[in-house]
Amino acid sequence: MTAVPLPHRVTATIRETADTVSFELEPLGNQAARFSPGRFAMLYAFGVGEVPISVSGIYDTGRLVHTVRAVGAVSNALCRLRTGDTVGLRGPYGSGWNLETPFGADLLVIAGGLGLAPLRPVVRHALARRGRYGRLGVLIGARTPEDLLYTRELGSWRAGARVEVTVDRAGSAWQGAVGVVTALLDRMEPLDTSTHALVCGPEVMMRHTARALLARGIPGDRIQLSLERNMRCGTGHCGHCQLGPLLLCRDGPVVRQDRVEPLLTVREL
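Values in this document were obtained by computation on a predicted structure and should not be read as measured data.

Which residues make up the pairing of strand β8 (residues 136-142), and what values do they have?
The buried fraction of β8 amounts to 7 of the 7 residues, a majority that puts the element mostly inside the structure. Traced from strand β7 (residues 107-112) through helix α2 (residues 116-128) to β8, the parallel crossover comes out right-handed. Where β8 meets strand β9 (residues 162-167), 6 bridges bridge the pair, whose relative direction is parallel. From the neighbouring strand, isoleucine 140 faces β9, where its bridge partner is valine 165.

Can you explain the sheet that holds strand β15 (residues 254-256)? Please cite residues and give values.
Read across the sheet, 7 strands follow the order β10-β9-β8-β7-β11-β12-β15 without closing on themselves; strand pairing throughout is mixed. At either margin of the open sheet sits one strand with a lone partner, and together these are β10 (177-178) and β15. Pairing between β9 and β10: 2 bridges, direction parallel. Of the residues in β10, the one forming a bridge with threonine 166 is alanine 177. Sheet strands in contact with α2 are β7, β8 and β11 (196-200), and its direction is about 155 degrees off that of β7.

I'd like to hear about the packing of aromatic side chains, residue by residue, with values.
The tally for this structure, following the rule as stated, stands at 2 aromatic pairs. Their ring planes at 40 degrees and their centres at 5.9 Å tell us that phenylalanine 40 and tyrosine 93 sit as a pair that is tilted. Here phenylalanine 40, found in strand β3 (residues 40-45), pairs with tyrosine 93, found in strand β6 (residues 86-93); they are 53 residues apart in sequence, far enough to count as distant. This pair shows no difference in class: phenylalanine 40 is buried, exactly as tyrosine 93 is. Consider the rings of tyrosine 44 and phenylalanine 46, whose centres lie 5.3 Å apart with planes at 75 degrees: the pair is edge-to-face. Cation over ring: arginine 120 sits above tyrosine 150, and NZ or CZ is 5.0 Å from the ring centre. Between the NZ or CZ atom of arginine 132 and the centre of the ring of tyrosine 133, over which it lies, the distance is 6.0 Å.

Before we move on, could you go through the sheet that holds β6 and cite the residues and values that matter?
If you walk around this closed barrel you meet the 6 strands as β1-β2-β5-β4-β3-β6, and the pairing is antiparallel. In this sheet, neighbouring strand axes are inclined to one another by 45 degrees on average, regardless of whether the strands run parallel or antiparallel. Packing against the sheet, α2 makes contact with β4 (49-58) and β5 (64-69), and its axis sits at approximately 30 degrees to β4.

Describe the pattern of salt bridges, listing the residues and the values that go with them.
Under the definition given, this model contains 18 salt bridges. Residue aspartate 251 is joined to arginine 250 by a salt bridge in which the shortest nitrogen-to-oxygen separation is 3.2 Å. Taking the relative accessible area as the measure of exposure, arginine 250 reaches 47% and is therefore partly exposed.

The rules we used
- Residues numbered from 1 in each chain as written.
- Predicted model: local features only at pLDDT ≥ 70, side-chain atom pairs only at ≥ 80, totals over all residues.
- Heavy atoms only, no water.
- Buried < 20%, exposed > 50% of the residue type's maximum accessible area, 1.4 Å probe, protein only.
- Helix = DSSP H or I, 4+ residues; strand = E, 2+ residues; numbered from the N terminus.
- Right-handed = clockwise from strand over helix to strand, strands pointing away.
- Pairing = 2+ DSSP bridges.
- Contact = heavy atoms within 4.5 Å.
- Axes fitted to C-alpha atoms, helices over the stretch in contact; angles between N-to-C directions.
- Phe/Tyr/Trp six-rings, centres within 6.5 Å; stacked < 30°, edge-to-face > 60°.
- Lys NZ or Arg CZ within 6 Å of the ring centre and 35° of its normal.
- Salt bridge = Lys/Arg side-chain N within 4 Å of Asp/Glu carboxyl O.

Keep in mind that these numbers describe shape and distance, not what the molecule does.
Shown next as structure tokens:
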């Protein structure tokens, strides 16, 4: 783990949507941070500031991919990066997805909006180890077809997983499903109670998804959620990311549903 930002060079950028960019980073020097799916970095735009961003791609070479939506000063600066630019990176921080599921268990990945970014490494991990898991399902929800991420990859994902996509609203050209992502669960049934579900998206989406999974017999200790709060330090010292007794930059962002459910029912916690 790096306590100060280490310089990383942008080696590639991809425009995912009108306001979202993925960029690949390589470390300058010999200190490559060791990330795992679900963990995050504090990315520093020089002269602007830093923000926490989950890793959306991990390569054996030490290169990392981050996917950023332009919503503030720092994220706007990151989305303007070009090949050859330099950013600061410190981390990795937080807890990642527990992918040590029992051999042969089904794995269900459920993403809403930008929540697909922290789950992309999970999908790639599972596809590369296809024999370890039973059925692999990927359920994706977005606001509109234009907001869908990683559309260039979905075809290759379908070669080893069942991928279902829905949007909140769409024009006449859209041939897919329209509606909430939980409706896609009906396409995956019957769900085995040994299924492990990994969920990331807007908090309200994760609450409803967790309840739908529980109603289908999947226990809370097999449901993982990636939660977001206002992270500032990444080390559990400033307290900005507190959720009850948890500091999500240290105790999360990935937490089991049975551990966090009582906290998510407290209004404005």
